[in-house]
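Single-letter residue listing:
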Amino acid sequence: MSMKLAARVAQVTPSMTLAIDTKAKAMKREGIDVISFSVGEPDFDTPAHIRTAAEIALEQGKTRYGAAAGEPKLREAIAQKLQRDNGLCYGADNVLVTNGGKHSLFNLMLALIEPGDEVIIPAPFWVSYPEMVKLAGGTPVIVPTTLESGYKITPEQLRQAVTPKTKLFVFNSPSNPTGMVYTPDEVRALAQVVVEQNLLVVSDEIYEKLLYDQAEHLSIGAVNPDIFERTIVSSGFAKTYAMTGWRVGFLAGPLPLIQAATKIQGHSTSNVCTFAQYGAVAAYEAPQDCVQQMLQAFSERRQIILEFINAIPGFNCPKPDGAFYVFPNIAQLGISSIDFCNGLLETQQVAAIPGIAFGADDCVRFSYATDVESIRRGMERLTTYVKSLA
Ligand code: GLU
């Protein structure tokens, strides 16, 4: 029997971050000494107090269906965090708890985008943004940025990309894959264009706590009341609290939008795993020492990986201020990012993500959310590999 699949399946490309991570993990299981810089996943265990809070919730019978929008306690904790850390005046009703940051963006696209709508996405972009827009029936409008501008979209570029069909601007700072952080002044300038052009903006702030040197994070919605009304925030617990497998994230924004996204979630996944949500409550309510400790480790790893990357002839890598990625430009090597990464994995057993997954075929992404020993060994192999290409 031949089964005719829905046309939307053919429109999307599989997630390369997940595909390469799966391949690298399978090679490891076969006993191959793979060093993976592929998926953006902290190598730390979830901090003990967060695990304990979930265990207690489990013991206390928090094992049943909950409200689709999330446990009231977690919605409240998220609203308070957004007020305290980000200067965003949301109440618990403005928050939808989702199955990770990815799911919050997906719910948003389904709730907001329809055929004919254009969504502006600066490239390099996180792999799933354009695919989500397409799945919702919309049209991604990709705006390429340059190495010279630090891979940041300028206000002028944003203005020029707007058409009467533009509905949403996808803004991600700190950025995956580049690690770039927009300065507060740059955020303010982009906010002005969003308001002036009557757009909405989704601000993906999942890496907001992973900042180095003097980098500062300003939530675009906090710039002024006009932009606040036009902002939707997407975030989650995975990267800051080493909770990737828990699948807890959130969407926050204007009430009608959150209600719409909740309606969609009510017919797709219902609530997020109930006891996992209590772990997330503890993540926000307890002291943040664990975040500082992990940040310190990421900061040391960043120095080490950058020393290696900067010493590789043919690599050109702006210094990232945030997240846990380095994104060197390999244009001088004259090889596509897929060929580069395939060769690296086959000959040196080192996994990295081809920039083409992020709309930048002349770059490669390395995640340094892995231990120092692996970083050193992997970078030595990478250096050997690049020399072999010369
Ligand atoms: N956001 C992470 C990354 O870019 C996780 C993988 C994914 O969900 O695509 O590696």
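Refer to the preceding data block for the structure.
Residues numbered from 1 in each chain as written. Predicted model: local features only at pLDDT ≥ 70, side-chain atom pairs only at ≥ 80, totals over all residues. Heavy atoms only, no water.

Colleague: Please explain the sheet that holds strand β9 (residues 325-326) as it appears in this structure.
Modeller: Paired through backbone hydrogen bonds, the strands of a sheet run either parallel or antiparallel to each other. Reading across from one edge, β9-β12-β11 is the order of the 3 strands in this open sheet, with antiparallel pairing throughout. Where the open sheet ends on each side, the last strands, each with one partner, are β9 and β11 (353-354). Across 2 bridges, β9 lies against strand β12 (residues 364-367) in antiparallel orientation. Across the sheet, V326 pairs through a bridge with F366, a residue of β12. (Pairing = 2+ DSSP bridges. Helix = DSSP H or I, 4+ residues; strand = E, 2+ residues; numbered from the N terminus.)

Colleague: Sorry, what's going on with the environment of L110 here?
Modeller: Turning to its location among the elements, L110 is positioned in helix α5 (residues 101-112). Residue L110 is classed as partly exposed on the basis of its relative accessible area, which comes to 37%. Here the alpha-carbon distance between L110 and T347, two residues 237 residues apart in the chain, equals 42 Å. (Buried < 20%, exposed > 50% of the residue type's maximum accessible area, 1.4 Å probe, protein only.)

Colleague: When you look at the side chain of S337 in this model, what are you seeing that I'm missing?
Modeller: On the secondary structure map, S337 appears in helix α13 (residues 337-348). Among the polar contacts made by the side chain of S337, one reaches the main-chain amide nitrogen of G355 at a distance of 3.4 Å. Among the polar contacts listed, one links the side chain of S337 to the side chain of D361, at a separation of 2.5 Å. Not counting residues within four places of it along the chain, the set of residues in contact with S337 comprises I330, P354, G355, I356, D361, C363 and V364. (Polar contact = N/O pair within 3.5 Å; in protein donor to acceptor, adjacent residues only side chain to side chain. Contact = heavy atoms within 4.5 Å.)

Colleague: Even after reading the chapter, I still don't get helix α11 (residues 274-285), so can you show me in this structure?
Modeller: Helical geometry note: an α-helix holds 3.6 residues per turn, so side chains three or four residues apart project in the same direction. When the terminal C-alpha atoms of α11 are compared, their 17 Å separation across 12 residues agrees well with the 16 Å that a helix rising 1.5 Å per residue should span. Counting buried positions over the 12 residues of α11 gives 10, a clear majority of the element. Considered for burial, the residues of α11 that qualify are T274, A276, Q277, Y278, G279, A280, V281, A282, A283 and Y284. For α11, the secondary structure elements touched by its buried residues are α3 (48-59), α4 (72-86), β2 (95-98) and β8 (249-252). (Expected span 1.5 Å × (residues − 1).)

Colleague: Would you take a moment to explain the packing of aromatic side chains for this structure?
Modeller: Here a ring pair, both rings aromatic, is described through the centre-centre distance and the interplanar angle of the planes. Throughout the structure, instances matching the rule amount to 18 aromatic pairs. With centroids separated by 5.9 Å and ring planes inclined at 70 degrees, the aromatic side chains of F37 and F366 adopt a geometry described as edge-to-face. Taken together, the positions of F37 in the loop between β1 (35-36) and α3 and F366 in strand β12 put the pair 329 residues apart, joining distant regions of the chain. Judged by relative accessible area, F37 falls into the buried class, the value being 0%. Summarising the aromatic geometry, the rings of F237 and Y284 are spaced 4.5 Å apart at their centres and angled 45 degrees between planes, so their arrangement reads as tilted. Here Y284 lies in helix α11 and F237 lies in the loop between β7 (231-236) and β8, a separation of 47 residues in the sequence. Note on F237: relative accessible area 0%, which makes it buried. Among the aromatic residues, those joined into a ring-pair cluster are F44, Y207, F298, F324 and Y325. (Phe/Tyr/Trp six-rings, centres within 6.5 Å; stacked < 30°, edge-to-face > 60°.)

Colleague: How do you make sense of the pairing of β7 when you look at a structure like this?
Modeller: Side-chain positions along a regular strand alternate between the two faces of the sheet. Extensive coverage of β7 is indicated by the burial of 6 of its 6 residues. Every second residue of β7 is oriented toward a common face, with T231, V233 and S235 on one face and I232, S234 and G236 on the other, all of them buried. Bridge count for strand β6 (residues 200-204) against β7 is 4 bridges, and the pairing is parallel. Pairing of V201 across the sheet is with T231, part of β7.

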